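Spelled out from the first residue to the last, the chains are:
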Amino acid sequence: MLYPHAWLIRRLRGHSVTVVGITGSAGKTTTKDLCQTILSEFGPCQSNPRSENEHFDIAQTITNVGRRHRFCVLELSGGRPGYLDFALRLSRPDIAVLTLIARDHFSAFKSLEAIAHEKGKIVYSLPERGIAVLNMDDPLVRQIGESCSRSVLWVGKSEGATLRLREARSRWPEPLTLTVDYEGRTYDISTALHGTHLALSALMSLGVAVAMNLPISSAIQALRSAAPPEGRMQVLTLENGITFVRDDWKAPLWSLQAPFDFMKDAQARRKVLIVGTLSDYSASASKVYPKVAREALEIGDLVVFVGPHAMRALKAPIVRAEQELLAFPSAREASAYLRTALRAGDLVLLKGSNKADHLVRLLLDQERRVHCWKEKCGLAMFCARCPVVYAGAPPEDHGVEFLRRADEVLWAGELENPSATEGPFVIVGLGNPGAEYCDTPHNVGYRVLDRLAARVGGAWETHKEGAVSLGHYGGTALALFKPGLYMNRSGEALRHFLERVGGSPRAMHNHSR
């Protein structure tokens, strides 16, 4: 396990790095990626990849910080009461960024005030010389800043903000442009982003640079080329001329307004809105989905709902005669329709919860036939990185019983006492490296880990000891490891791997005999 004192040891050894911690109900990943882009212009910067913001991900990112790094930007999860405590002890931010407080994870906290209390810990944990970069336009965030004893750099539209947003413009196909006041000067900033709601993340990232006394002109220049994270207002135009706006990472009800506003203002030949599974709403699904459908029909020419509650949306009345409102219980059925219904010039919004819907398959299937249409697979990662999205299930060959059990191992509770240990579960699959051994009985262990990686959300990365895939099952961190040495030397590779990342292998019954 990677313990909090690992970071302290680095500092005691003279390793100086400025740590930026980012949390909030929304905008964390975009702000983190924009910060990483800007700070990289001033020195080496380490950050956690994608939305990997759980405890193990933070620890892994910290251990990847070397003496050459000048900055470390960490997205910190606070999805349930008390969860942020360990992340803050582990990371010890010098600069705290709090984006906004909204109803995300409302069921775990029961009130916005409780959410604000949890998120506010990042500000109250700052060291004496720490700086908080806060959204002045959010009343709950403002209360946190006004009650803390640390320096605060305010961003937003409100009078008194250090970085004051005068105007944000984003009308497709034009990207987001900002007009910002700072220290008596006005800056017109063009970006590669889309959607006026991303102005907050852009301002926050500039605020981090200002808090570090970095030249704002250089920070603005770096911001101009920064791209959005995958699945967060990410624009992709396919070879067939269809443009998708991917906002498909998560879909709490309160988050629909911003992408809907973007689509309303967009200039396009035809507007298509695809909506998946919604979350964090208090009313019944039979009331929520028709309401969302009515709002979507005010904007789109074609509105498609996908998922177990999709049919409820059909209660909404059509606004214009040429409109269509359709519902499909599964992504596979939706894609079969969309392959022929979509056409060049369409602007298509994908809005859903990735773990529930995997709506990106509707995009992938436009260019290459998708083979995996599994519903509720439980993986957090996007399908483009999944090894089975195009290939489907592997052929039945050597180790067939082992492969059949691979999907069941995690769910059957065969990992020993996950809640009783602090370290990640290290699951080792044995095999021989080299293509000539790929389909031999010796390599069943490799094949099993490939299947498990597809289930728990890990992408494979090559290290000197072998191939590693990091993921999660529930709240348990998993490290899947394929030694890069032949089977009779695999213990040597495993020992070096454990020495480097920490942790110990857990028992998984061997059924290969």
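The preceding data block contains the structure.
One structure accompanies this document, and this report is about it.

Analysis parameters
- Residues numbered from 1 in each chain as written.
- Predicted model: local features only at pLDDT ≥ 70, side-chain atom pairs only at ≥ 80, totals over all residues.
- Heavy atoms only, no water.
- Helix = DSSP H or I, 4+ residues; strand = E, 2+ residues; numbered from the N terminus.
- Buried < 20%, exposed > 50% of the residue type's maximum accessible area, 1.4 Å probe, protein only.
- Contact = heavy atoms within 4.5 Å.
- Phe/Tyr/Trp six-rings, centres within 6.5 Å; stacked < 30°, edge-to-face > 60°.
- Lys NZ or Arg CZ within 6 Å of the ring centre and 35° of its normal.
- Core = buried A, V, L, I, M, F, W, Y, C linked by side-chain atoms within 4.5 Å.
- Pairing = 2+ DSSP bridges.
- Axes fitted to C-alpha atoms, helices over the stretch in contact; angles between N-to-C directions.
- Polar contact = N/O pair within 3.5 Å; in protein donor to acceptor, adjacent residues only side chain to side chain.
- Parallel < 35°, antiparallel > 145°, perpendicular 65-115°, else oblique.
- Nonpolar A, V, L, I, M, F, W, Y, C, P; charged D, E, K, R; others polar.
- Arc of directions from axis to C-beta.

### Quick notes on the overall build of the protein
Line of reasoning, step 1. Of regular secondary structure, the protein possesses 17 helices and 20 strands.
Line of reasoning, step 2. For the protein, the residues scored as buried account for 54% of the 513 residues in total.
Line of reasoning, step 3. Look at the contacts in the protein between residues 6 or more apart in sequence, and 62% of them connect residues 24 or more apart.

### Some details on the packing of aromatic side chains
Line of reasoning, step 1. In the structure shown here, the tally under the stated rule is 5 aromatic pairs.
Line of reasoning, step 2. An aromatic cluster of three or more residues is present, and its members are Y281, Y289 and F305.
Line of reasoning, step 3. It is R368 that lies over the ring of Y390; its NZ or CZ is 4.0 Å from the centre.
Line of reasoning, step 4. Positioned above the aromatic ring of W460, the side-chain terminus of K482 is 4.2 Å from the ring centre.

### Here we look at the nonpolar core
Line of reasoning, step 1. Formed by 76 residues in total, the largest nonpolar core has its most connected members in V20, L39, V133, L163, F260 and F305.
Line of reasoning, step 2. Top element by residues in this core is helix 8 (residues 199-211). It accounts for 10 residues.
Line of reasoning, step 3. Aside from chain neighbours lying at most four places away, what touches L39 is V20, C45, F71, V73, V208, M212 and L214.
Line of reasoning, step 4. Counting residues in hydrophobic clusters, the runner-up holds 32 residues, among them V17, I58, I62 and L74.

### Focus on the sheet that holds strand 14 (residues 324-328)
Line of reasoning, step 1. Strands sit in the order 10-11-15-12-13-14 across an open sheet of 6 strands; the sheet is mixed. This sheet does not close on itself; its edge strands, each paired only once, are strand 10 (234-237) and strand 14. Pairwise comparison of adjacent strand axes, ignoring direction, gives a mean angle of 15 degrees for this sheet.
Line of reasoning, step 2. By the bridge criterion, 4 bridges tie strand 10 to strand 11 (residues 243-247) in an arrangement that is antiparallel. Considered in strand 11, the bridge of L236 is made with F244.
Line of reasoning, step 3. Set on the sheet, helix 11 (residues 285-297) makes contact with strand 12 (270-275), strand 13 (302-306) and strand 14; between it and strand 13 the angle comes to about 155 degrees.
Line of reasoning, step 4. Against the sheet, helix 14 (residues 360-367) touches strand 10, strand 11, strand 12 and strand 15 (346-351), its axis set at about 155 degrees to strand 11.

### Observations concerning the sheet that holds strand 6 (residues 151-156)
Line of reasoning, step 1. Pairing is mixed across the open sheet formed by 9 strands, whose spatial order is 2-3-1-4-5-6-7-8-9. The two strands at the open ends of the sheet, each matched to only one other strand, are strand 2 (45-47) and strand 9 (185-190). In this sheet, neighbouring strand axes are inclined to one another by 20 degrees on average, regardless of whether the strands run parallel or antiparallel.
Line of reasoning, step 2. Sheet topology note: the strand 2/strand 3 (residues 71-75) ladder contains 3 bridges and is parallel. Considered in strand 3, the bridge of S47 is made with V73.
Line of reasoning, step 3. Running over the sheet, helix 6 (residues 112-124) touches strand 1 (18-23), strand 4 (95-98) and strand 5 (131-135) and is turned about 155 degrees from strand 4.
Line of reasoning, step 4. Most of the contacts of helix 8 go to strand 5, to which it runs at about 160 degrees, and overall it touches strand 1, strand 4, strand 5, strand 6, strand 7 (163-169), strand 8 (177-182) and strand 9.

### Some remarks on the environment of M381
Line of reasoning, step 1. With respect to the helices and strands, M381 occurs in the loop between helix 14 and helix 15 (400-409).
Line of reasoning, step 2. With a relative accessible area of 6%, M381 lands in the buried category.

### Looking at the environment of T186
Line of reasoning, step 1. Relative to the elements of secondary structure, T186 occurs in strand 9.
Line of reasoning, step 2. Placed 20 residues apart in sequence, T186 and R166 show a C-alpha to C-alpha distance of 8.9 Å.
Line of reasoning, step 3. Discounting residues that sit within four places of it in the chain, T186 has contacts with T179, V180 and D181.
Line of reasoning, step 4. Polar side-chain contacts of T186 include one of 2.8 Å to the side chain of D181.

### Remarks on the packing of helix 3 (residues 55-63) against helix 4 (residues 83-91)
Two packed helices can be described by the angle between their axes and the distance between those axes.
Line of reasoning, step 1. Running from N to C, helix 3 and helix 4 point in directions that differ by 5 degrees, and their axes come no closer than 10 Å. Our classification of the angle between helix 3 and helix 4 gives roughly parallel. For the pair helix 3 and helix 4, the contacting residues are H55, I58, A59 and I62 in the first and Y83, F86, A87, L90 and S91 in the second.
Line of reasoning, step 2. Taken together, the residues of the contact of helix 3 with helix 4 sort by class into 7 nonpolar, 2 polar and no charged.

### Quick word on helix 9 (residues 216-223)
Side chains three or four residues apart in an α-helix point the same way, a direct result of the helix having 3.6 residues per turn.
Line of reasoning, step 1. Listed as buried for helix 9 are I216, A219, I220, A222 and L223. The arc enclosing the buried residues of helix 9, seen along the axis, measures out at 160 degrees, which places them on a common side.
Line of reasoning, step 2. Along its buried surface, helix 9 packs onto helix 2 (28-39), strand 7, strand 8, strand 9 and helix 8.

### Thoughts on the side chain of S91
Line of reasoning, step 1. Following the sequence through the fold, S91 ends up in helix 4.
Line of reasoning, step 2. Residue classification places S91 among the buried positions, given a relative accessible area of 1%.
Line of reasoning, step 3. Polar side-chain contacts of S91 include one of 2.7 Å to the backbone oxygen of A87.

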